[in-house]
Amino acid sequence: MLDFFISPAHAQEAAAGGGIAQIVMLVGFVLIFYFLLWRPQAKRAKQHKQLVSGLAKGDEVVIGGGLVGRVTKVNDEFLTLEVSEGTEVNVQKNAVAAVLPKGTIKSI
């Protein structure tokens, strides 16, 4: 019905060369996904794992919710933070966002 707009010969040529272009485009998307998303996320996860495994008594840390404290006890999965004089809080190790330089917390 609409054959007078597109000749059958042109339509067949386009379909034959499209397979390789689709594969190249798919590989390109996979590479972009790897370099922009997966690789940086894996790097951050590795750094966080090293940070958590290196925690020791006396370290000053910030947890994900913004709570700042000094580590008083370290277990396999949990640690105890002293957030003020005489006030201790148990938190999961994975909640630690950053380790602060020594002497950052003066009021405890």
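Residues numbered from 1 in each chain as written. Predicted model: local features only at pLDDT ≥ 70, side-chain atom pairs only at ≥ 80, totals over all residues. Heavy atoms only, no water.

So, the pattern of salt bridges
If you walk through the whole model with that rule in mind, you get 2 salt bridges. Between Lys 102 and Asp 59 there is a salt bridge, with the nearest N and O atoms lying 3.3 Å from each other. Linking Lys 102 in the segment after strand 5 (96–100) with Asp 59 in the loop between helix 1 (8–53) and strand 1 (60–63), this pair joins segments that are 43 residues apart in sequence. A residue is classified by how much of its surface remains accessible, and Lys 102, at 60% relative accessible area, is exposed. Here Glu 60 and Arg 70 are joined by a salt bridge, their closest N and O atoms 2.9 Å apart. Separated by 10 residues along the polypeptide, Glu 60 in strand 1 and Arg 70 in strand 2 (residues 68–74) bring together distant segments of the chain. (Salt bridge = Lys/Arg side-chain N within 4 Å of Asp/Glu carboxyl O. Helix = DSSP H or I, 4+ residues; strand = E, 2+ residues; numbered from the N terminus. Buried < 20%, exposed > 50% of the residue type's maximum accessible area, 1.4 Å probe, protein only.)

Describing the UniProt feature "transmembrane region" (unreviewed entry) in the chain
Per the UniProt record, the feature "transmembrane region" (unreviewed entry) sits at residues 20–38. Segment residues 20–38 splits into 100% helix and 0% strand. End C-alpha atoms: 26 Å apart. (UniProt positions renumbered as here; feature names shortened; annotations may be inferred.)

Topic: the pairing of strand 2
Pairing of strand 1 with strand 2 involves 3 bridges; the strand directions are antiparallel. When the sheet's bridge partners are listed, Val 62 is paired in strand 2 with Val 68. Hairpin connection between strand 1 and strand 2: a loop of 4 residues separates the two successive antiparallel strands, and Gly 66 in this loop has a positive phi of roughly 100°. Here 4 bridges tie strand 2 to strand 3 (residues 78–84), and the two strands are oriented antiparallel to one another. Bridging from a neighbouring strand, Arg 70 pairs with Glu 82 of strand 3. In sequence, strand 2 turns back onto strand 3 through a hairpin of 3 residues. (Pairing = 2+ DSSP bridges.)

Points about the environment of Val 71
Inspection of the secondary structure assignment puts Val 71 in strand 2. Each C-alpha atom, one on Val 71 and one on Val 83, is 9.0 Å from the other, the two residues being 12 residues apart in sequence. Leaving out residues up to four positions away in the same chain, Val 71 has contacts with Ala 56, Lys 57, Gly 58, Asp 59, Val 61, Leu 79, Thr 80 and Leu 81. (Contact = heavy atoms within 4.5 Å.)

Observations regarding the environment of Phe 78
Looking at the secondary structure, you find Phe 78 in strand 3. Assessed through its relative accessible area of 39%, Phe 78 is described here as partly exposed. Those residues in contact with Phe 78 that lie beyond four places of it in its chain are Val 91, Gln 92 and Lys 93.

Brief notes about the sheet that holds strand 3
Spatially, 5 strands are ordered 4-3-2-1-5 in an open sheet, and the strand pairing comes out antiparallel. Each end of this open sheet is capped by a strand with a single partner; those strands are strand 4 (87–92) and strand 5. Across the sheet, the axes of successive neighbouring strands diverge by a mean angle of 45°, strand direction being ignored. Across 6 bridges, the pairing between strand 3 and strand 4 is antiparallel. Looking at strand 4, one finds that Leu 81 is bridged to Val 89. (Axes fitted to C-alpha atoms, helices over the stretch in contact; angles between N-to-C directions.)

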